Amino acid sequence: MAEEDYGTFVDWNLMGDLAKSSGPTKVDCKELKEFKQMARQGNWAKNHKLRAQVYQQLIKSIPCRTVTPDAEVYRDIVGDAATKKPSSHIPLPEFVDGNPVPRYCLKADAVASAHRIINCIAGQFPDISHCPSLPAITSLLLHFSKDEAQCFEHVSRMLACNEPGKRLLDQTFLAYESSCMTFGDLANKYCTAAHKLIVATAQDVLEVYADWQRWVLGDLPFSHMVRVLDVYLVEGYKVLYRVAIALLKFYRKHKTGSQGGQNQQQQDSGKIRADIQAFVKGIGSTVTPDKLLEKSFSIRLINRKEITLLQLTNEKSLQQKGITVKQKRRNVQLALNPDTFSSEIVSAKEMRDIWSWIPERFALCQPELLFTTSTHGCSLNRFYSHCEGHEPTLLLIRTTDGDVCGAFLSSDWEDRKRGGNKLSYFGTGECFVFRLKPEMERYEWVVIRHPELASAIRPGGQEDSASSEGQNADEGLQQPDKPPGDLSPFLAARHFNLNSKNTSMFMAGNFDSIIVGGGGDSNALYIDAELNHGHTGRCTTFDNPPLCKESFQISLLEAWGFQDTMAQ
């Protein structure tokens, strides 16, 4: 077979030294152990044709599902791609999560070929719901394919791998999100100094670690990525973890050198993500491909069994919290009827803004005024009597200083009676608190922003009591039963500057007060029995700052329900 068959999509002018073929011209090896050693040593790294042949051999040896689409399927669907002019305007499927096809020294029209292949894969693999690494893998394999059909077959085999305990690509949001948590576990254990740097500088560590796969599959220069691919196709998914941890180590060394040991200040997570991405893209100036692999495999004790156990543990934690799919909210606009909507606290526009925050299944409901102190008086008993039987409810408060804040409360206030006269917590993770004036901001349940805390919440045998103006009730929040074996072994909330002790204290109420958000030294909102005086402070459930002046007088309080217009 002619060598150009394996370079159809390559722009050789961009390949540099990789365009020159040298070294061995064939690989005579059948044992996996020997293959692993040769891959790490770069036995076929200097010969493009040999690398293509080895990749073909490795991918054909992947155990796959009985029915796995092959090159002929692609030709039947797409036809003769060589006779068609690819269009770079073919959009990628939603499951790639907005990740583009990396150029990787390909010709410009080869990127369009990758778009076509990925879209064909989407049609043949309808069970894929989240696969952000697919564009990078497709682009890489195009380098070493004689045509689009062969590339399609190779990618399909990687997706259809059914070898027990082995996977090559995440194909669901659950698998991907748990891999981010697992990377956090591994980073904390195997590169503690780098992990502490991220904790010290980023406001949201998991948001930074959510990019870990992209560091490897997307940001690395082609010369480095192709060496990673050599080993990845032999050893599997764990290689990605090793390389990403090595990149984190190099990044920490880079930052320590450039900052001269100065104290790091916490920054927006987006800035840290961009900084790491820029470092990885430019890593070629300081770290060679072989040095990167050497660092990756110098990390001892990371094995497939440990990674698999961590992954399964984190998946289970996410499942228990209902975090299994990426939520993509439709743009639902609240259609307020100006003739019927009347609030003394918020305008119609502000109510629409609040409505954009509430869970999607309630977004089509109309706001229904249940209680207002201007009409019903300042009585907590009357507040309860008007709100009971309604779920969820929206609480709005205007202070005598003109500040406006409130809370979305997911559960019926009648549920407070389960604790008798004792102040005990109830509600769900859909609750959130917010402020509208002087500035607009929402504070969700801390576990939504930090899913790693899902595996750090205490078992049901322990209680958290509601804090009522410094007084502790006898009965507190009952956590769902969760055996200690379900906890992630390494990932602890303290590594993320968060206190996981009381992260599920949503709402509470009795005869003398109502509370929203508990844990820590304060509550997000505390309101007395006369609905006249309140306190606000930081709580661990929502990790919020004070929503207004810490001790405030209530000028007006409203409670709103959700009227299902479709049911009428």
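Residues numbered from 1 in each chain as written. Predicted model: local features only at pLDDT ≥ 70, side-chain atom pairs only at ≥ 80, totals over all residues. Heavy atoms only, no water.

Identification of the chain as TBC1 domain family member 24 from Ameca splendens is taken from an unreviewed UniProt entry. What the UniProt record of the chain gives under Function (unreviewed entry) is the line "May act as a GTPase-activating protein for Rab family protein(s). Involved in neuronal projections development, probably through a negative modulation of ARF6 function. Involved in the regulation of synaptic vesicle trafficking." The Subunit (unreviewed entry) field of the UniProt record for the chain holds the comment "Interacts with ARF6." (UniProt positions renumbered as here; feature names shortened; annotations may be inferred.)

The subject of this paragraph is the side chain of Asp 403. With respect to the helices and strands, the residue Asp 403 is situated in the loop between β2 (393–399) and β3 (404–409). Despite being buried, Asp 403 has no salt bridge partner; Arg 435 is the closest side chain of opposite charge, sitting 8.5 Å away. Excluding its chain neighbours within four sequence positions, the residues that come into contact with Asp 403 are Ile 397, Arg 398, Lys 437, Pro 438, Cys 548 and Lys 549. (Helix = DSSP H or I, 4+ residues; strand = E, 2+ residues; numbered from the N terminus. Buried < 20%, exposed > 50% of the residue type's maximum accessible area, 1.4 Å probe, protein only. Lys, Arg positive; Asp, Glu negative; His and termini not counted. Salt bridge = Lys/Arg side-chain N within 4 Å of Asp/Glu carboxyl O. Contact = heavy atoms within 4.5 Å.)

Bringing the pattern of salt bridges into the picture now. On inspection of all chains with the given rule, the structure shows 21 salt bridges. Taking the shortest distance from any N to any O, the salt bridge between Arg 40 and Glu 235 comes out at 2.8 Å. Note that Arg 40 is positioned in helix α1 (residues 32–41) and Glu 235 in helix α11 (residues 222–235), a separation of 195 residues in sequence. Residue classification places Arg 40 among the partly exposed positions, given a relative accessible area of 34%.

Turning our eyes to something else, we now look at the packing of helix α2 (residues 48–60) against helix α6 (residues 148–159). For the pair α2 and α6, the least separation of the axes is 9 Å and the interaxial angle reads 45°. With respect to each other, α2 and α6 are oriented oblique. For α2 against α6, the interelement crossing comes out left-handed. Along its contact with α2, which presents Gln 56, Ile 59 and Lys 60, the element α6 presents Gln 150, Glu 153, His 154 and Arg 157. Of the residues in the contact of α2 with α6, the class split is 1 nonpolar, 3 polar and 3 charged. (Axes fitted to C-alpha atoms, helices over the stretch in contact; angles between N-to-C directions. Parallel < 35°, antiparallel > 145°, perpendicular 65-115°, else oblique. Left-handed = near helix turned anticlockwise from the far one by under 90°. Nonpolar A, V, L, I, M, F, W, Y, C, P; charged D, E, K, R; others polar.)

Attention now moves to the pairing of strand β10 (residues 513–516). Each regular strand displays side chains that alternate between the two surfaces of the sheet. Here β10 shows two buried faces, one formed by Ser 513 and Ile 515 and the other by Ile 514 and Val 516. Judged from the 3 bridges that link them, strand β9 (residues 507–509) and β10 form a sheet pairing that is antiparallel. Looking at the pairing, Gly 509 lines up with Ile 514 of β10. Turn length for the β9-β10 hairpin, with the two strands adjacent in sequence and antiparallel, is 3 residues. Relative to strand β11 (residues 525–528), β10 runs antiparallel, the two being bridged by 4 bridges. Looking at the pairing, Ile 515 lines up with Tyr 526 of β11. (Pairing = 2+ DSSP bridges.)

Moving on to the environment of Glu 163. Tracing the sequence through the fold places Glu 163 in the loop between α6 and α7 (173–190). Counting along the chain gives 101 residues from Glu 163 to Ile 62, while the straight-line C-alpha distance between them is 7.8 Å. In contact with Glu 163, other than residues within four places in its own chain, are Pro 63 and Arg 304.

Turning to unusual backbone geometry, a few remarks are in order. With an omega of 0°, the peptide bond between Glu 391 and Pro 392 qualifies as cis. Locating Pro 392 in the fold gives a position in the loop between α18 (380–387) and β2. Despite not being glycine, Cys 105 shows a phi value in the positive range, around 65°. With respect to the element layout, Cys 105 can be found in the loop between α3 (71–78) and α4 (108–124). Residue classification places Cys 105 among the buried residues on the basis of a relative accessible area of 15%. Although it is not a glycine, Leu 531 sits at a positive phi angle of roughly 50°. In this structure, Leu 531 sits in the loop between β11 and β12 (533–535).

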